[in-house]
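# Per-entry structural report
The lines below spell out each chain.
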Amino acid sequence: MEEKKWDMYTYILESKQAVRDIVDHQEEIFNSTVDYILGKEIDQIYIIGSGTSYHAAVAAKPIIEKVLGIKVFQSYPIPFKDELIFNKNTLVIGISHAGMSASTIAGLDKARDEGFSTIAVTAEKDTPILKHADQQLFIDMPMEYAGPKTKGYICSIVTLVILGLKVALKQNKITQETYDDYIERMLKSSDNIPSIAEKSLQWYQDNKDEFLKCRRLYILGYENCISAMLEGTLKISESVRYSTQCYELEEFMHGIYHCIDKDTYMLYLGSGGQYFERTKRLKRYFEEERQAHCFLISNEKNNEKDFNFPFTNDKDFAVLEYIVPLQVFARSCSADLGIDANIPSDPDFHKKMQSYVYEE
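Rules behind the numbers
Residues numbered from 1 in each chain as written. Predicted model: local features only at pLDDT ≥ 70, side-chain atom pairs only at ≥ 80, totals over all residues. Heavy atoms only, no water. Pairing = 2+ DSSP bridges. Helix = DSSP H or I, 4+ residues; strand = E, 2+ residues; numbered from the N terminus. Axes fitted to C-alpha atoms, helices over the stretch in contact; angles between N-to-C directions. Contact = heavy atoms within 4.5 Å. Buried < 20%, exposed > 50% of the residue type's maximum accessible area, 1.4 Å probe, protein only. Salt bridge = Lys/Arg side-chain N within 4 Å of Asp/Glu carboxyl O. Expected span 1.5 Å × (residues − 1). Phe/Tyr/Trp six-rings, centres within 6.5 Å; stacked < 30°, edge-to-face > 60°. Lys NZ or Arg CZ within 6 Å of the ring centre and 35° of its normal.

## With respect to the sheet that holds strand 5 (residues 135–138)
- Read from one edge to the other, the open sheet built from 5 strands follows the order 2-1-3-4-5, with strand pairing classed as parallel. The sheet terminates laterally at strand 2 (71–75) and strand 5, the two strands that pair on one side only. For this sheet, the mean angle separating the axes of adjacent strands, direction not counted, is 20°.
- Bridging between strand 4 (residues 117–122) and strand 5 involves 4 bridges; their strand directions are parallel. Paired with isoleucine 119 across the bridge in strand 5 is glutamine 135.
- Contacting strand 3 (90–95), strand 4 and strand 5, helix 2 (residues 26–38) crosses the sheet at an angle of about 150° to strand 5.
- Across the sheet, helix 3 (residues 52–68) lies against strand 1 (44–48), strand 2 and strand 3, angled at about 175° from strand 2, the strand it touches most.

This is how it looks when you write it as structure tokens:
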């Protein structure tokens, strides 16, 4: 596969080092934001964002809840803007990678109007969102110029998780030993990313002829891979530009299964745990009774079409690994279909929809 400037595959490979760089520079990145939170009385947290930002919040939420011992909600910005929130001791974290999301800005404005504490999280400086929160936190990573973001997703998760861990440590809700264990496990998972990407590329090539016939794709996941399922669906939709949908494993069984036929392609994220056997049972059903095109992504290989890798299957950080085969699929399949995912299907879409704020 030829790599070009602004190539998604290159950014996937860079994710490992990007995570390590955030960990290595955590004091300078997080200290002022941690101090801001420590100076507030916080009973609950809302993390708001769209697309990749929302998916990062889905991944980070359970860890932050666990270490801080308070409720954390992930929300799309517009539903948040219209929601009634009665607890004034609320922290709202608004994420916009490019810093221009009109909906996230509207959510932060609502939070300020309600007297909530606010933090804007973005990967780019001097962007409009920074004027709409009381505190700013930067996703500290080299610029990612590719259209569909890959490294940015990984670094957004890591940024949110470390923020929660550092606050919990300062509040004596976790010990230094617990903090170090989280960081060590996070690095163990993210360090696998280049190897997973290389294996994913080979898996794609082995199944390329079949993949290129796909025009209707479902991705199923559960537990710690819901975020990867959501983000992978977005990346593939952005890149290959055909119908791609995703469902939590059990939710899929409540009606959606009726539409599966021999022209349907299905990717299953089998990250171990209590629902892994159920995932494999569902896959066998659709292979044998509906003749669907089924591919299992897990640390097992049940047939030649499955993707297997010695994933950590870490209950908190497997998401950093299972997203990679979907990212590689998005990049590889779009290129083979003659689609340059870096070129928007409509460059003026956000202007037409007024979904970005370009300057203030």
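So, next bit.
## Let's talk about the side chain of serine 227
- In this fold, serine 227 is placed in helix 10 (residues 226–240).
- Taking the relative accessible area as the measure of exposure, serine 227 reaches 2% and is therefore buried.
- Ignoring any residue separated from it by four or fewer positions in sequence, one finds serine 227 in contact with His55, Ala56, Val58, Ala59, Tyr153 and Val319.

## What to know about the pattern of salt bridges
- Counting across every chain of the model gives 24 salt bridges.
- Notably, a salt bridge pairs glutamate 238 with lysine 235, separated by 3.4 Å at the nearest N-O pair. Here glutamate 238 and its partner lysine 235 are both found in helix 10, 3 residues apart, which amounts to about one turn of the helix.
- Note on lysine 235: relative accessible area 1%, which makes it buried.
- Bridged by salt links that share partners, the residues Lys66, Asp181, Arg185, Asp314 and Asp316 form one connected network.

## A word on unusual backbone geometry
- Backbone geometry at arginine 241 places phi at a positive 60°, although glycine is not the residue there.
- Relative to the assigned elements, arginine 241 resides in the loop between helix 10 and strand 7 (243–248).
- Taking relative accessible area as the criterion, arginine 241 reaches 35% and is therefore assigned partly exposed.
- With phi around 55°, glutamine 354 is a residue other than glycine that occupies positive phi space.
- Examined against the element boundaries, glutamine 354 turns out to sit in the segment after helix 14 (349–353).

## A few points about the pairing of strand 8 (residues 265–270)
- Of all the 6 residues making up strand 8, 6 are buried; the element is thus mostly covered by neighbouring parts of the structure.
- Where burial is concerned, the two faces of strand 8 agree: the one with Tyr265, Leu267 and Leu269 and the one with Met266, Tyr268 and Gly270 are both buried.
- Bridging between strand 6 (residues 216–221) and strand 8 involves 4 bridges; their strand directions are parallel. Among the inter-strand pairings, leucine 217 is bridged to a residue of strand 8, identified as tyrosine 265.
- As defined by bridge partners, strand 8 adjoins strand 9 (residues 293–298) across 6 bridges and the pair is classed as parallel. Within the sheet, the bridge partner assigned to leucine 267 lies in strand 9 and is phenylalanine 295.

## Looking at helix 7 (residues 176–190)
- Helix length check: helix 7 (15 residues) gives 21 Å between terminal C-alpha atoms against 21 Å at 1.5 Å per residue, within 8%.
- If you check which residues of helix 7 are buried, you get Tyr179, Tyr182, Ile183, Arg185, Met186, Leu187, Ser189 and Ser190.
- Where helix 7 is buried, its residues meet helix 1 (8–24), helix 2, helix 3, helix 6 (151–170), helix 8 (193–206) and helix 13 (319–336).

## A short note on the packing of aromatic side chains
- Across all of its chains, the model carries 21 aromatic pairs by this definition.
- An aromatic cluster of three or more residues is present, and its members are Trp203, Tyr204, Phe211, Phe295, Phe307, Phe309, Phe311, Tyr322 and Phe329.
- Lysine 125 extends its terminal NZ or CZ atom over the ring of phenylalanine 138, reaching a point 5.0 Å from the ring centre.

## Some details on the sheet that holds strand 6
- Pairing is parallel across the open sheet formed by 5 strands, whose spatial order is 7-6-8-9-10. Two strands bound the open sheet, and with one partner strand each, they are strand 7 and strand 10 (307–308).
- Strands in contact with helix 10 are strand 6, strand 7 and strand 8; relative to strand 7, the strand with the most contacts, it is inclined by about 175°.

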